[in-house]
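Listed below are the residues making up each chain.
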Amino acid sequence: SLSCQAHTPPAFPLPHSNSIHLLLHQAKHTLALSSPMAVAIAEAPFHVLAVDDSVLDRKLIERLLKTSSFQVTTVDSGTKALEFLGLHDEDASISSVHQDVEVNVNLIITDYCMPGMTGYDLLKKIKESSSFRDIPVVIMSSENIPSRINRCLEEGANEFFLKPVRLSDMSKLKPHIMKSRCKEHCHQDEDLLSNSETNPTNNSSSSSDTITISSSNPTDNSSGDTISSSNPTDNSSG
Amino acid sequence: MEYANLRRQAASLKRSLFDQGYLDEQFCQVEDLQDEASPNFAEEVVSLFFKDSARLVTNIEQAMEKYPKDFNRWDAHMQQLRGSCFSIGASKMNNECTSFRNSCGEENAEGCRRTFQKVKREHAILRQKLESYFQLLRQAGPARTATRPGSM
């Protein structure tokens, strides 16, 4: 059976042995999924929700993400981001452990300076939500203000990018996603173990392995859209 | 070959834009995002920039007219425009935006008016130069994507 406690610690000291431990657990969990469907799920691209009020920056971040093999949905405000996630402003704390909404977002990247709800406000709402607080959040800003950066990191932001965001910044995203997915699988496995002796190769992990469905709207990619989402291009170099 | 000549002209124009400080490295980053799947990405981005920045310039103009001495408001609008300049590497225009914001900080209305004229001027110059650049590229044919300055 799969268990966090079953692993022996690594034989050599590692700076982030915890992460390696989680990654090994993730790999073992993935291998345990035997059906072809499960394999397809395991290989689905990660889905990033990008939030920015600038139409120009949305176009750029979308391209950066797609070039890096992410599936992307862009929205032009924090409010729209919450709507997309299925969270409502008033009751961000109310949510179910297993989401009914068919939205699967692996990472949220948001601009800091936005009219209305700032990126910081959005970060707070996400971290207050029990459904979404484990989703990594990255903040972007064109202004290098240390107090702003610290504030975001203290609130739970996983990373802070200074604009203009570069292609090289994209490689920093996946580690955050992998860590949070492993964390989630660990929680779910612990739930399983505490409940019964059920076969671990059942679809034990629900929300994080669900293929995204709601974001496949065939909106065209033009700049005027407030919400647009698209899959990575077929021949992207990744 | 005519196309090779056009491409050379485009590369030369681009090099001069960098040498004269109109563009910076960020523009290269944008062009690097182009590939076979998105062969016109850079031109789309630049076109979007000019459309969006024209709107932002109008916003600033209206704000300066409707809300005299409301430096915070003027500054907030200019911050948006500066962000856009930053995103495509419009270096000279970016500098003028910063000058404007400095004047706002000093609550210098005359300074704001002066620097705003410069922003508009740089905007117009850059538009004309980039339009020429992309026109040359288009005429040179779709096969090649833009090359970096200095590489032929």
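You'll find chain B entered in an unreviewed UniProt entry as Histidine-containing phosphotransfer protein, with Triticum aestivum given as the organism.

Per an unreviewed UniProt entry, chain A goes by the name Response regulatory domain-containing protein and belongs to Aegilops tauschii subsp. strangulata. Its UniProt record gives chain A the following Sequence similarities (unreviewed entry) comment, quoted word for word: "Belongs to the ARR family. Type-A subfamily." According to the UniProt record, the Function (unreviewed entry) comment for chain A reads "Functions as a response regulator involved in His-to-Asp phosphorelay signal transduction system. Phosphorylation of the Asp residue in the receiver domain activates the ability of the protein to promote the transcription of target genes. Type-A response regulators seem to act as negative regulators of the cytokinin signaling."

Draft legend 1. Molecular detail of the overall build of chain B. Within chain B, the secondary structure is distributed over six helices and zero strands. Its C-alpha atoms give chain B principal-axis dimensions of about 55 × 30 × 20 Å. Expressed as a percentage of its 152 residues, the buried residues of chain B come to 46%. Long-range contacts, defined here as pairs at least 24 residues apart, represent 69% of the contacts in chain B between residues at least 6 apart. For chain B, the exposed area adds up to about 7,800 Å²; of that, 45% sits on carbon and sulfur atoms.

Draft legend 2. How the structure looks around the interface of chain A and chain B. Listed as interface residues are 20 residues of chain A and, on the opposing side, 23 residues of chain B. Carbon and sulfur atoms supply 58% of the area buried between chain A and chain B, which totals about 1,900 Å² over both sides. When the buried surface of chain A facing chain B is broken down by residue, Leu 56, Lys 59 and Arg 63 of chain A rank first, second and third, together holding 33% of it. The interface formed by chain A and chain B contains three salt bridges. Taking the shortest distance from any N to any O, the salt bridge between Glu 143 of chain A and Arg 101 of chain B comes out at 3.7 Å. Summed over the shared surface of chain A and chain B, the number is six residue pairs in polar contact (both at pLDDT 80 or more). Among the elements that line the side of chain A that touches chain B, the one with the most residues is helix α3 (residues 55-67) of chain A, at eight residues.

Draft legend 3. Highlighting helix α5 (residues 91-105) of chain B. All names here are of chain B. Between the first and last C-alpha of α5 there are 21 Å, a value that for 15 residues agrees with the 21 Å anticipated at 1.5 Å per step. By the burial criterion, the buried members of α5 are Ser 91, Met 93, Asn 94, Glu 96, Cys 97, Phe 100, Arg 101, Ser 103 and Cys 104. For α5, the elements touching its buried residues are α3 (41-66), α4 (71-88) and α6 (109-140). Of the residues flanking the end of α5, it is Glu 107, one or two places downstream, whose phi is positive at about 55°.

Draft legend 4. Main features of the pattern of salt bridges. For the structure shown, the criterion picks out 18 salt bridges over all chains. Between Asp 57 of chain A and Lys 163 of chain A there is a salt bridge whose closest N-O contact spans 2.7 Å. In this pair, Asp 57 of chain A is assigned in helix α3 and Lys 163 of chain A in the loop between β5 (159-162) and α7 (167-170), connecting sequence segments 106 residues apart. For Asp 57 of chain A, a relative accessible area of 9% puts it in the buried group. Among the residues examined, Lys 163 of chain A registers a relative accessible area of 10% and is labelled buried. Salt-bridge contacts for Glu 131 of chain B lead to Arg 127 of chain B; the nearest nitrogen and oxygen are separated by 4.0 Å.

Draft legend 5. Molecular detail of the pairing of strand β4 (residues 137-141) of chain A. Residue and element names in this part refer to chain A. The buried fraction of β4 is high, at five of five residues. Residues Val 137, Ile 139 and Ser 141 of β4 are buried on one face, and the alternating residues Val 138 and Met 140, pointing to the opposite face, are buried as well. In the sheet, strand β3 (residues 107-111) pairs with β4 via four bridges, with the strands oriented parallel. Bridge assignment links Asp 111 to a residue of β4, and that residue is Met 140.

Draft legend 6. Up close: the UniProt feature "modified residue: 4-aspartylphosphate" (unreviewed entry) in chain A. Residues and elements named next belong to chain A. Using the residue numbers shown here, the UniProt feature "modified residue: 4-aspartylphosphate" (unreviewed entry) corresponds to Asp 111. Mapping Asp 111 onto the fold places it in strand β3. Residue classification places Asp 111 among the buried residues on the basis of a relative accessible area of 7%. If near-sequence neighbours (up to four positions away) are discounted, Asp 111 is found in contact with Val 51, Asp 52, Asp 53, Gly 119, Met 140, Ser 141 and Lys 163.

Draft legend 7. Representation of the nonpolar core within the structure. Counting residues in hydrophobic clusters, the biggest one holds 65 residues, and the most contacted among them are Ile 61, Leu 65 and Ile 109 of chain A together with Phe 49, Leu 81, Phe 100 and Leu 130 of chain B. Ignoring anything within four residues of it in the chain, the contact list for Phe 100 of chain B reads Ile 60, Met 64, Trp 74, Met 78, Cys 112, Thr 115 and Phe 116 of chain B.

Draft legend 8. Quick peek at the packing of helix α4 (residues 78-85) of chain A against helix α5 (residues 119-128) of chain A. All names here are of chain A. Between α4 and α5, whose axes approach to 9 Å, the crossing angle comes to 25°. As judged from the angle between their axes, α4 and α5 are roughly parallel. Remark: the crossing between α4 and α5 carries right-handed chirality. In this structure, α4 uses Gly 78, Ala 81, Leu 82 and Leu 85 to contact α5, whose residues at the interface are Leu 122, Lys 125 and Ile 126.

Draft legend 9. Summary view of the UniProt feature "domain: HPt" (unreviewed entry) in chain B. Taken from the UniProt record, the annotation "domain: HPt" (unreviewed entry) applies to residues 44-127 of chain B. Segment residues 44-127 of chain B splits into 89% helix and 0% strand. End C-alpha atoms: 13 Å apart.

Draft legend 10. How the structure looks around the packing of α4 of chain B against α6 of chain B. Residue and element names in this part refer to chain B. Following both chains from N to C, one finds α4 and α6 inclined at 20°, their axes separated by 12 Å at the closest point. Accordingly, the angle class assigned to the pair α4 and α6 is roughly parallel. For the pair α4 and α6, the crossing hand works out as left-handed. Judged by residue contacts, Phe 71, Trp 74, Met 78 and Leu 81 of α4 engage Ala 109, Cys 112, Phe 116 and Val 119 from α6. Considering only residue class, the contact of α4 with α6 consists of eight nonpolar, no polar and no charged.

Procedures and definitions
- For every chain, the first residue of the written sequence is number 1, and numbering continues from 1 onward in sequence order.
- Throughout, the order in which chains and ligands are written sets their labels, letters from A for the former and numbers from 1 for the latter.
- Only residues with pLDDT of at least 70 are given local features in this predicted model, and only at 80 or more are side-chain atom pairs given and counted; all residues enter the totals for whole chains, interfaces and linings.
- To get the side-chain values, take all heavy atoms of the structure and skip hydrogens and water.
- UniProt positions are given in the numbering used here, feature names are shortened, and annotations may be inferred rather than shown by experiment.
- Here a strand is any run of E in DSSP of at least two residues, a helix any run of H or I of at least four, and the numbering for each starts at the N terminus.
- Only protein chains enter the area calculation, which uses a 1.4 Å probe; residues under 20% of their type maximum are buried, those over 50% are exposed, and those in between are partly exposed.
- The criterion used for residue contact is that any of the two residues' heavy atoms lie within 4.5 Å.
- Surface accessibility follows the Shrake-Rupley procedure with a 1.4 Å probe radius. Residue values consider only the protein chains on display as shielding.
- For any pair of parts, buried area is found by adding up, for both, the accessible area (1.4 Å probe) each one loses once the two are put together.
- Whenever a carboxyl oxygen of Asp or Glu lies within 4 Å of a side-chain nitrogen of Lys or Arg, that contact is scored as a salt bridge.
- Under the rule applied, a polar contact is a pair of N or O atoms within 3.5 Å (in protein, one hydrogen donor and one hydrogen acceptor; residues adjacent in sequence only if both atoms are side-chain atoms).
- A helix is expected to reach a length of 1.5 Å times the quantity of its residues less one.
- Criterion used throughout: strands pair if DSSP finds at least two bridges between them.
- Within this scheme, the nonpolar core is defined by two criteria: the residues are buried Ala, Val, Leu, Ile, Met, Phe, Trp, Tyr or Cys, and they are joined through side-chain atoms within 4.5 Å.
- With axes taken as lines fitted to C-alpha atoms, and helix axes fitted only over the stretch in contact, angles between N-to-C directions fall between 0 and 180 degrees.
- To sort the angles, those under 35 degrees are grouped as roughly parallel, those over 145 as roughly antiparallel, those from 65 to 115 as roughly perpendicular, and the leftovers as oblique.
- Crossing chirality is assigned from the near helix's rotation relative to the far helix, an anticlockwise turn below a right angle marking it left-handed and a clockwise turn marking it right-handed.
- We call Asp, Glu, Lys and Arg charged. Ala, Val, Leu, Ile, Met, Phe, Trp, Tyr, Cys and Pro are nonpolar, and the rest, Gly among them, are polar.

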